[in-house]
Amino acid sequence: MTKKIKVPLKQKSVDSAEITLGLTDPKSPSNVGAVMRAAGCYQVDAVLYSGVRYAKAAKFHTDTQSASKKIPLTGVESLVDSVPKGSKLICVDLIEGAIPLPVFEHPKNAMYVFGPEDGTISQEVIDKADAVVYIPTNGCMNLAATVNVLLYDRLAKSTIAVGDDALIRKSRDTNNTVKVKN
């Protein structure tokens, strides 16, 4: 499914891809809030989560950009069974044999599944993935940091990764009016 998106000045309207994030039994509401903020920044269509830990901790709300008002955050029984039609299942975790993110080519439509903060994606899900990628770091990053790096990599490799001062004005904090000296 494609949809038209509004883009900043100096960009053409393009058919966008469908991007869904799947969080495997996340435990930290602050990380889920930060994932929702990243989802808003990078134009993710939906965020799904499995397990019960997040629902119990959701009262500690940290979605500072209120992305959850625009992007659905939905609990599901099975992330694999929830992959949108036409999307590739891409697992993101430190899994032996995975593809390093710098050389990975993102599919147009993807559901990216991330492991929990204190565990990993199950072998059953890994076995059903179209691809498994990892971020080559020394040590592991937390869930929200991993989501941000993955989504930035997708943007940086896209053909529409163009911005301008209008995008900066729209995106920055209201206390930021600094400009580069010409």
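Residues numbered from 1 in each chain as written. Predicted model: local features only at pLDDT ≥ 70, side-chain atom pairs only at ≥ 80, totals over all residues. Heavy atoms only, no water.

A. Main features of the overall build of the protein. Broken down by element type, the protein carries 5 helices and 7 strands. Overall, the protein shows an N-to-C arrangement of helices and strands of β-α-β-α-β-β-β-β-α-β-α-α. Pairs at least 24 residues apart make up 78% of the contacts formed inside the protein by residues separated by at least 6 positions. Of the accessible surface of the protein, which amounts to about 11,100 Å², a share of 53% is contributed by carbon and sulfur atoms. (Helix = DSSP H or I, 4+ residues; strand = E, 2+ residues; numbered from the N terminus. Contact = heavy atoms within 4.5 Å. Areas by Shrake-Rupley, 256 points an atom, 1.4 Å probe, with all protein chains shown as cover.)

B. View of the pairing of strand β1 (residues 19-23). Within β1, 5 of the 5 residues are buried, which leaves the element mostly enclosed by the surrounding structure. Examined bridge by bridge, β1 and strand β6 (residues 110-114) share 5 bridges and lie parallel to one another. Bridge pairing in β6 links Gly22 to Val113. With 4 bridges connecting them, β1 and strand β2 (residues 46-49) associate as parallel partners. In the strand pairing of β2, Thr20 is matched with Ala46. The parallel pair β1 and β2, bridged by helix α1 (residues 29-41), forms a crossover whose chirality is right-handed. (Buried < 20%, exposed > 50% of the residue type's maximum accessible area, 1.4 Å probe, protein only. Pairing = 2+ DSSP bridges. Right-handed = clockwise from strand over helix to strand, strands pointing away.)

C. Focus on the nonpolar core. Counting residues in hydrophobic clusters, the biggest one holds 27 residues, and the most contacted among them are Leu21, Val47, Tyr112 and Phe114. At the level of elements, β1, α1, β2, β4 (88-92), β6, β7 (131-134) and α4 (143-157) are the ones that each hand at least two residues to this core. The contacts of Leu21, once residues within four sequence positions are left out, are Val35, Ala39, Val44, Ala46, Val47, Leu48, Tyr112, Phe114, Val147 and Leu151. (Core = buried A, V, L, I, M, F, W, Y, C linked by side-chain atoms within 4.5 Å.)

D. Focus on the sheet that holds strand β5 (residues 99-100). Read across the sheet, 7 strands follow the order β3-β2-β1-β6-β4-β7-β5 without closing on themselves; strand pairing throughout is parallel. In this open sheet, the two strands that pair with only one neighbour each are β3 (73-75) and β5. Along the sheet face, α1 touches β1, β2 and β3 and points at about 170° away from the line of β1. Helix-sheet contacts for α4 involve β1, β4, β6 and β7, and the interaxial angle to β6 is about 155°. (Axes fitted to C-alpha atoms, helices over the stretch in contact; angles between N-to-C directions.)

E. Just the pairing of β4, in detail. Among the 5 residues in β4, 4 count as buried, and that is most of the element. Judged from the 5 bridges that link them, β4 and β6 form a sheet pairing that is parallel. Opposite Cys91, over in β6, you have Val113 as the bridge partner. Note that β4 and β7 share 3 bridges and pair parallel. The partner of Val92 across the bridge, within β7, is Val133.

F. Structural detail: unusual backbone geometry. Although it is not a glycine, Asp25 adopts a positive phi angle of roughly 40°. With respect to the helices and strands, Asp25 occurs in the loop between β1 and α1.

G. Structural context of the confidence of the model for the protein. For the protein, per-residue confidence averages 83 on the pLDDT scale, and 81% of positions sit at 70 or higher. Counting contacts from residues 1-15, a segment whose pLDDT is below 50, to residues more than four positions away or on other chains yields 27 contacts. (pLDDT = per-residue confidence, 0-100.)

H. How the structure looks around the environment of Leu21. Within the secondary structure layout, Leu21 lies in strand β1. In this structure Leu21 comes out as buried when scored by relative accessible area, which is 0%. Separated by 26 residues in the primary sequence, Leu21 and Val47 place their C-alpha atoms 4.7 Å from one another.

I. Region of the structure containing the pattern of salt bridges. Under the definition given, this model contains 2 salt bridges. A salt bridge links Lys128 to Glu124; its shortest N-O distance comes to 3.6 Å. Of this pair, Lys128 and Glu124 both sit in helix α3 (residues 123-128), 4 residues apart, roughly one helical turn. Given a relative accessible area of 48%, Lys128 falls into the partly exposed group. For Glu124, a relative accessible area of 54% gives the class exposed. The partner of Asp153 in a salt bridge is Lys157, and the shortest N-O contact between them spans 2.9 Å. On the criterion of helical spacing, the pair formed by Asp153 and Lys157 is a turn pair, its members being 4 residues apart in helix α4. (Salt bridge = Lys/Arg side-chain N within 4 Å of Asp/Glu carboxyl O.)

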